[in-house]
Amino acid sequence: MPSWEAFLNENQPRFIDELKQFLRFPSISSLPEHAEDVKQAAEWVAGRLRAADIENVQVLSTGGHPVVYGDWLHAPDKPVVMIYGHFDVQPVDPIDLWTNPPFDPIVKDNCIYARGASDNKGNLFLTILAVEALLQTEGSLPVNLKFFFEGQEEIGSPQMPEFLPGHKDLFACDMVISADGGQWDQDQPQLTVGLRGLCAVQIDVRTARRDVHSGSYGGTFLNPIHGLARIIDSMRDSEGKILVEGFYDSVRALSESERAQIAEIPYSEQEFKEEIGIPETAGEPGFTTHERMWVRPTLDVNGIWGGFQGEGLKTVIPSEAHAKISCRLVPDQDPGKIADRLVAHVKRYAPTGIAVEVKPVESKADPYLIPLDHAGNKAAVAVLKALYGKDPYYIRKGFTIPVCGILLSALGAHTVNFAFSLKDENIHAPDEFFRLRSFELGQRAYCMLLHELGG
Ligand SMILES: [Zn+2]
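Residues numbered from 1 in each chain as written. Predicted model: local features only at pLDDT ≥ 70, side-chain atom pairs only at ≥ 80, totals over all residues. Heavy atoms only, no water.

Student: How should the overall build of the chain be read in this particular structure?
Tutor: When helices and strands are counted, the chain shows 14 helices and 18 strands. The C-alpha radius of gyration of the chain comes to 25 Å, within 12% of the 23 Å expected for a compact globule of 455 residues. In terms of overall dimensions, the chain has C-alpha extents of about 90 × 50 × 45 Å along its principal axes. The long-range share in the chain, meaning contacts at least 24 apart out of those at least 6 apart in sequence, stands at 79%. Side chains of the chain carry 42 positive and 63 negative charges; the gap between the two charge centres is 6 Å. (Helix = DSSP H or I, 4+ residues; strand = E, 2+ residues; numbered from the N terminus. Rg over C-alpha atoms; globule rule 2.2 N^0.38 Å. Contact = heavy atoms within 4.5 Å. Lys, Arg positive; Asp, Glu negative; His and termini not counted. Charge placed at Lys NZ, Arg CZ, Asp CG, Glu CD.)

Structure representation (structure tokens):
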């Protein structure tokens, strides 16, 4: 029987052809006219799992885009590991900026170009290939395995908070390995250990029954835009520290070693400023830019509107003004509690003479942190070290991947990030591509990881 390495080497041409088939489905989850394509992609994934000898494969309905499940549970006394990925993709516009049609994959310079190549079909598919290689060459797997592939990640997994708790037994596992993510660069591995959460409020301010003439009425009552500006100004000091009462109460302090891990990650102030086109960085005193971006909470006005916006001048006192404010949250802040604190703050600081309404916005997410000594992390580090010859950077992300929090609260399982995209692969943009080198490296990495987890 050949080794799994030999099996992978021999089968790369077939795997690339199959990846092309997968990439031809325009499985754009945000566009209703592509719902059938998302379903077709799900059926393709299910078929490919069956062909790899995965059992109990099912396409499950969720009330939205489907989920694909499959398992192989014949390793008594070994952990149950669940592999996560998504087969939906982002829209393709502006379509005229694509060199090649987005759903007609081509290989050029050892890269495969198509929407979804890097995010996330290439990464998802390589996990199936690794499992196929192990089953074909060793006849069994080192751990019990489940697959959870969803078709709604790119729209924020809206059905998952209900779907997963409703299928607790089916998806029960000891840990999740996410194939959605990437590495620092071709030579440097990374391990994502934390994500920020999210909560938001909308503020609506009203005064007069209608807009009134600023000459006839100006100076006689509080302009709602001025009132709103005062509320917003009360929420942060001039340097960016957040003044909402109790906001920082449950923020977990960073240990010296966590700060050292973050400080080790290369950062150029000049490149950062050039990348986004800002004259200088700013933020909460006492923290580096990476710390402000990854491990400190924020409060930002995302939008503000009211009054006259047209050309020229309209001398009016508007009757209303509005703002949307969101916070990025860190462990152990609770999105619901922080939203309540924002509401209380706005009510307390609302000037008299205006009617203020403030309410939490629906979308919210828990911050996420996986313990550094988690068994899955340790296994991932061992494999990355063996493959790259160096320790990974331990990074956090400033944004939210809701599914990590949902899996933790629904199943009690942490998610280890183990994927092989690189930053320059144009994900969510025209000419998305995935390196075939990463495609192959990922297959080997997953074979090694499953052995490490079973060992
Ligand atoms: Zn994406």
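Structure shown, so let's carry the discussion forward.
Student: So what exactly am I meant to see when it comes to the coordination of the zinc ion here?
Tutor: Tetrahedral coordination by four donors sets the ideal angle at the metal to 109.5 degrees; octahedral coordination by six donors sets it to 90 or 180 degrees. The zinc ion binds to the protein through Asp119 (OD), Glu154 (OE), Glu154 (OE) and His428 (NE2), with metal-donor distances spanning 1.9 to 2.6 Å. Positions of the donor residues of the zinc ion along the chain correspond to the pattern D-x34-E-x273-H. Here Glu154 is found in the loop between strand E6 (144–150) and helix H4 (160–166), whereas its partner His428 is found in the loop between strand E17 (415–417) and strand E18 (433–435), with 274 residues between them in sequence. (Donors = N, O, S within 2.8 Å, 3.2 Å for Na, K, Ca; no water.)

Student: Honestly, the pattern of salt bridges in this entry has me stumped. Any pointers?
Tutor: Opposite charge on two side chains lets them pair, provided their charged atoms get close. Per the counting criterion, the structure on display carries 17 salt bridges. A salt bridge links Glu245 to Arg348; the nearest nitrogen and oxygen atoms lie 3.0 Å apart. Of this pair, Glu245 sits in the loop between helix H7 (224–233) and helix H8 (256–263) while Arg348 sits in helix H11 (residues 335–349), placing them 103 residues apart in sequence. Residue Glu245 is classed as exposed on the basis of its relative accessible area of 53%. Overall, the relative accessible area of 49% leaves Arg348 in the partly exposed class. Glu284 is the salt-bridge partner of Arg296, the closest N and O atoms lying 2.7 Å from each other. Within this pair, whereas Arg296 is found in the loop between helix H10 (289–294) and strand E11 (300–306), its partner Glu284 is found in the loop between helix H9 (269–276) and H10, the two being separated by 12 residues in sequence. Residue class for Arg296 comes out buried when judged on its relative accessible area of 13%. Bridged by salt links that share partners, the residues Arg14, Glu18, Arg48 and Glu132 form one connected network. (Salt bridge = Lys/Arg side-chain N within 4 Å of Asp/Glu carboxyl O. Buried < 20%, exposed > 50% of the residue type's maximum accessible area, 1.4 Å probe, protein only.)

Student: Quick question: what am I supposed to make of empty space enclosed by the protein here?
Tutor: Gaps between atoms show up when a probe of the same size as a water molecule is rolled over them. For the structure shown, the criterion picks out five cavities of 30 Å³ or more. What the largest cavity holds in volume is close to 70 Å³. Around the largest cavity, the lining residues are Arg252, Ala253, Leu254, Glu258, Val295, Val330, Pro331, Leu369 and Arg396. Classifying every residue of the lining of the largest cavity by side-chain character gives six nonpolar, no polar and three charged. (1 Å grid on protein atoms, 1.4 Å probe; cavity = no way out; pocket = protein on both sides within 12 Å on 5 of 7 lines; lining within 4 Å. Points joined across faces, edges and corners; volume = space filled by probe spheres on them. Nonpolar A, V, L, I, M, F, W, Y, C, P; charged D, E, K, R; others polar.)

Student: Even after reading the chapter, I still don't get unusual backbone geometry, so can you show me in this structure?
Tutor: Excluding glycine, most residues fall at negative phi; most peptide bonds, likewise, are trans. Along the chain, Asp93 connects to Pro94 via a cis peptide bond; the corresponding omega equals 0°. In this fold, Pro94 is placed in the loop between strand E3 (80–86) and strand E4 (106–108). Omega for the bond connecting Pro331 with Asp332 falls within 30 degrees of zero, at 0°, which places this linkage in the cis form. With respect to the helices and strands, Asp332 occurs in the loop between strand E13 (320–329) and H11.

Student: So what exactly am I meant to see when it comes to the sheet that holds E11 here?
Tutor: Each strand in a sheet pairs with another by means of backbone hydrogen bonds, the pair being arranged parallel or else antiparallel. The strand order across the open sheet built from four strands is E11-E13-E9-E14, with neighbouring strands paired in antiparallel fashion. Single-partner strands in this sheet number two, and they are E11 and strand E14 (355–360). Neighbour to neighbour, the strand axes of the sheet diverge by 15° on average, direction disregarded. Here strand E9 (residues 197–206) runs beside E14; their pairing, made up of six bridges, is antiparallel. When the bridges of E14 are listed, Asp204 appears paired with Glu357. Sheet strands in contact with H7 are E9, E11, E13 and E14, and its direction is about 15° off that of E13. Of the strands in this sheet, E9, E13 and E14 are in contact with H11, which crosses E9 at around 25°. (Pairing = 2+ DSSP bridges. Axes fitted to C-alpha atoms, helices over the stretch in contact; angles between N-to-C directions.)

Student: When you look at the layout of surface pockets in this model, what are you seeing that I'm missing?
Tutor: For the largest pocket, the calculated volume is near 1200 Å³. In terms of lining, the largest pocket is formed by 37 residues, of which the most central are Gln190, Ile395, Lys397, Phe399 and Lys423. Looking at the lining of the largest pocket, the elements with two or more residues in it are helix H3 (117–138), H9, H10 and strand E16 (393–397). For the lining of the largest pocket, the element with the most residues is H9, which contributes four residues.

Student: Teacher, can you tell me more about the pairing of E6 here?
Tutor: For E6, a buried count of seven out of seven residues is recorded, marking the element as mostly surrounded by other parts of the structure. Residues of E6 alternate between two faces, with Asn144, Lys146, Phe148 and Glu150 on one and Leu145, Phe147 and Phe149 on the opposite face, all of them buried. Bridging between strand E2 (residues 67–72) and E6 involves six bridges; their strand directions are antiparallel. Across the sheet, the residue bridging to Val68 is Phe149, located in E6. Here seven bridges tie E3 to E6, and the two strands are oriented parallel to one another. Bridge pairing in E6 links Met82 to Lys146.

Student: Explain helix H12 (residues 375–388) to me, please; I cannot follow it from the model alone.
Tutor: Each full turn of the α-helix corresponds to 3.6 residues, which orients residues three or four apart in the same direction. With 14 residues, H12 should reach 20 Å at 1.5 Å per residue; the first-to-last C-alpha distance of 20 Å fits that figure. All of the buried residues along H12 are Gly376, Asn377, Ala379, Ala380, Val381, Val383, Leu384 and Tyr388. Against strand E7 (175–178), strand E8 (190–195), E16, E17 and helix H14 (436–454) lie the buried residues of H12. Within two residues after H12, Gly389 carries a phi angle of roughly 75°, on the positive side. (Expected span 1.5 Å × (residues − 1).)

Student: Got a minute to help me understand helix H1 (residues 4–23) in this structure?
Tutor: The sharpest bend along H1 comes to roughly 60°, located at Gln12, with the proline Pro13 sitting one to four residues further on. Here H1 has its buried residues at Trp4, Phe7, Leu8, Asn11, Gln12, Phe15, Ile16, Glu18, Leu19, Lys20, Phe22 and Leu23. Tucked inside the fold, the buried residues of H1 contact helix H2 (35–51), E4, strand E5 (111–113), H3 and H14. (Bend = angle between axes of the 7 residues up to and from the residue.)

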